[in-house]
Structures are given as structure tokens and as C-alpha cells.
Amino acid sequence: MNSGKAKIFNQSFLEIALINFLVLITFYSLIVAIGPYAVDVLHLSTAVSGLLVGIVVIGSLVMRMMSGAILAKISTKTMMLIGAFVLIPTMVAYHFATSMIVLLLIRFIQGMMIGLIGTVTNTAVVFVVPAERRSEGISYFSLSTVIATALGPFLGLALSGVSYSFLFNVETGIAGLAFLATLFIHKSAVDIKAHTATKTATTDAPTGLHRFMEPKAIPLAMAFSHCNVDVFGDSELFVLLYEGSTYEPSD
């Protein structure tokens, strides 16, 4: 029987998975809608629309590299609260993006907040699942990303079909829900510094490039980035723009 197994789906696990899901929904839903919005509403080129898709990933990368230094100054939950809170006005700002520069800035800030929150959720989940069921727990947690990847594009296309203003309003609501979920999360559950204090006390402090990244993880990170951005993002954008340029409604 499985009754003796340590519980994976505890409150902290569900909260972290929910926050991860909501934040990624704002990413994947807009990644398919922002290109057509830039072309159809702002009358920008398809090349610029591609940049608008990718800039959010650059923002996420920049923030992930900075998150270690930020974590040394503030608590992990505060990091999440800042990220989720700033995400709300960022979604609202889409209503007022009337130029390429403004839209690029909004997308970059959104990427930074996604990176800030994602750094915490993807690390903290390791500490809220039982050690003996860690692989199983992380697999279940990854479903929040998989579902967001599948549901986000559908949501973005369906809502933008109503109107882009409606899409941005829903995105704002989703960001608000992520912020509320962050308020209720236990501070100790996401306290990465407390969980890693013993390990860091017994090892030498990283220096140079090692302060920002683990070189051994670079090949895997590059492969994931290629699949997520070059394959998924570019393919989605190409299909949408191609469909919009060739589809002719019947009489």
C-alpha cells in the first residue's frame, strides 16, 4: 500500500505549482499573440514581431543571472512578491504600448519578472517534496509547465480573437491571481537560503563566472533554450503570421 509514503501534494507544493502555472500562462499565451498584435495593430514588420517574441526570454535570462545577488539581500518570498506584483502593471501596460520601443520594454520587464519568479519556484520545489520521492515530485511539478505550454497558446489565440484589449485584461487578472497565491505561500517553504546554508557553509564560495552560472549546466540549458524558443516560439509565430497572410474568408 502507498499509505506509508511521504506526501508530495502538500500545501506548499500546490502553491508553488500554481504560481509557476499562472506565471507561465502569461508567457505562453502572449508569445503567440504578440506577433500578430505587432503586425496587425502597430503595423510593425514581421522581423520586429520576432524580436518581440524573443526579448522576453532575454529579460528572463538577465534576471536569472542577477537573482543570486538579489537573494543575498532580500528574502526569497520577497523576491516572489516583487516579481508577481510588478507583473500586474506590466500586463496593464500592454494597453498603452503604441510603439516598438515601449512594447520591447514591456516585454523585457515581463521576462525579468518571469525569470525572478521562476528561479524561486523551480528551486524551492526541490525542498518541499520528500527527499525519498524527489524525482517523482519534480516530475509532477513539471506538469504545471507542460499544461501552461499547452493551454497558453490556445488561451492567447482564443482571447485575442475577441479583442486584444480583452486578452490584456485577462492577462492582468492572471497576474493578479499569481500575486494573491504568492501572498499565501509559507515563507519557510521557499527560503532557499535556509535550505542551502549547510551546504554553502562547507564549500568554497564560487568566484568569477561561477557566481552566475554552473558551466556544467550550459549544454543542457542551450538545448532547452533551442527547443523552447527556436523550435516552439519561432514555429508558433511563423504559423500564425503565415496563416494571417494567406487565409481568405469565404463569402
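Residues numbered from 1 in each chain as written. Predicted model: local features only at pLDDT ≥ 70, side-chain atom pairs only at ≥ 80, totals over all residues. Heavy atoms only, no water.

Draft legend 1. Layout of the overall build of the protein. In terms of helices and strands, the protein carries 8 helices and 0 strands. Beginning at the N terminus, the succession of helices and strands in the protein can be written as α-α-α-α-α-α-α-α. When each of the 251 residues of the protein is scored for burial, the buried share is 42%. As displayed, the protein has an accessible area near 13,400 Å², and 68% of this comes from carbon and sulfur atoms. (Helix = DSSP H or I, 4+ residues; strand = E, 2+ residues; numbered from the N terminus. Buried < 20%, exposed > 50% of the residue type's maximum accessible area, 1.4 Å probe, protein only. Areas by Shrake-Rupley, 256 points an atom, 1.4 Å probe, with all protein chains shown as cover.)

Draft legend 2. Representation of the packing of aromatic side chains. Within this structure, the stated rule accounts for 7 aromatic pairs. Taken together, a centroid distance of 5.4 Å and an interplanar angle of 90° make the contact between F9 and F13 edge-to-face. Take F13: its relative accessible area is 2%, and that puts it in the buried class. With 5.3 Å between their ring centres and 85° between their planes, Y37 and F168 make a pair best called edge-to-face. With Y37 in helix α1 (residues 11-40) and F168 in helix α6 (residues 164-184), this residue pair connects regions lying 131 residues apart in the sequence. Owing to a relative accessible area of 2%, F168 belongs among the buried residues under this scheme. Three or more aromatic residues joined by ring pairs form one cluster here, namely Y37, Y94, Y164 and F168. (Phe/Tyr/Trp six-rings, centres within 6.5 Å; stacked < 30°, edge-to-face > 60°.)

Draft legend 3. Local environment of the nonpolar core. Judged by nonpolar contacts, the single largest core of 63 residues is most densely connected at I16, L52, Y94 and L103. At the level of elements, α1, α2 (46-71), α3 (76-93), α4 (100-128), α5 (134-162) and α6 are the ones that each hand at least two residues to this core. No other element matches the 18 residues that α1 contributes to this core. The contact partners of L52, leaving out residues within four places of it in the chain, are I34, A38, L44, L103, L104 and R107. (Core = buried A, V, L, I, M, F, W, Y, C linked by side-chain atoms within 4.5 Å. Contact = heavy atoms within 4.5 Å.)

Draft legend 4. Region of the structure containing α1. Between the first and last C-alpha of α1 there are 43 Å, a value that for 30 residues agrees with the 44 Å anticipated at 1.5 Å per step. Within α1, the axis deviates most sharply at I31, by approximately 35°. Burial analysis of α1 places 25 of its 30 residues in the buried class, which makes it a mostly covered element. (Expected span 1.5 Å × (residues − 1). Bend = angle between axes of the 7 residues up to and from the residue.)

Draft legend 5. Quick look at the packing of α1 against α3. At their nearest, the axes of α1 and α3 sit 12 Å apart, and the two run at 30° to each other. Here α1 and α3 pass one another in a crossing that is left-handed. Contacts from I19, V23, T26 and L30 of α1 reach α3 at M80, L87 and M91. Grouping the constituent residues of the contact of α1 with α3 by class yields 6 nonpolar, 1 polar and no charged. (Axes fitted to C-alpha atoms, helices over the stretch in contact; angles between N-to-C directions. Left-handed = near helix turned anticlockwise from the far one by under 90°. Nonpolar A, V, L, I, M, F, W, Y, C, P; charged D, E, K, R; others polar.)

Draft legend 6. Structural detail: the side chain of T172. Following the sequence through the fold, T172 ends up in helix α6. You can call T172 buried: its relative accessible area is 19%. Apart from residues lying up to four places away in sequence, T172 is in contact with I88, M91 and V92.

Draft legend 7. Here's a closer look at the confidence of the model for the protein. Mean pLDDT over the protein stands at 81; residues scoring 70 or higher make up 76%. α6 holds the highest mean pLDDT among the elements of the protein, 95, whereas helix α7 (residues 192-201) holds the lowest, 60. In the predicted structure, residues 247-251 sits below a pLDDT of 50 and forms 0 contacts with residues beyond four places in sequence or in another chain. (pLDDT = per-residue confidence, 0-100.)

Draft legend 8. Expanded view of the environment of F108. Looking at the secondary structure, you find F108 in helix α4. The spatial distance from the C-alpha of F108 to the C-alpha of V56 is 4.8 Å, given a sequence separation of 52 residues. Those residues in contact with F108, other than ones at most four positions away along the chain, are I55, I58, G59 and V62.

Draft legend 9. Spotlight on α2. When the terminal C-alpha atoms of α2 are compared, their 38 Å separation across 26 residues agrees well with the 38 Å that a helix rising 1.5 Å per residue should span. Of all the bends in α2, the largest measures some 35° and sits at M65. Turning to α2, its buried residues number three or more, namely V48, S49, L52, V53, I55, V56, G59, S60, M63, S67 and L71.

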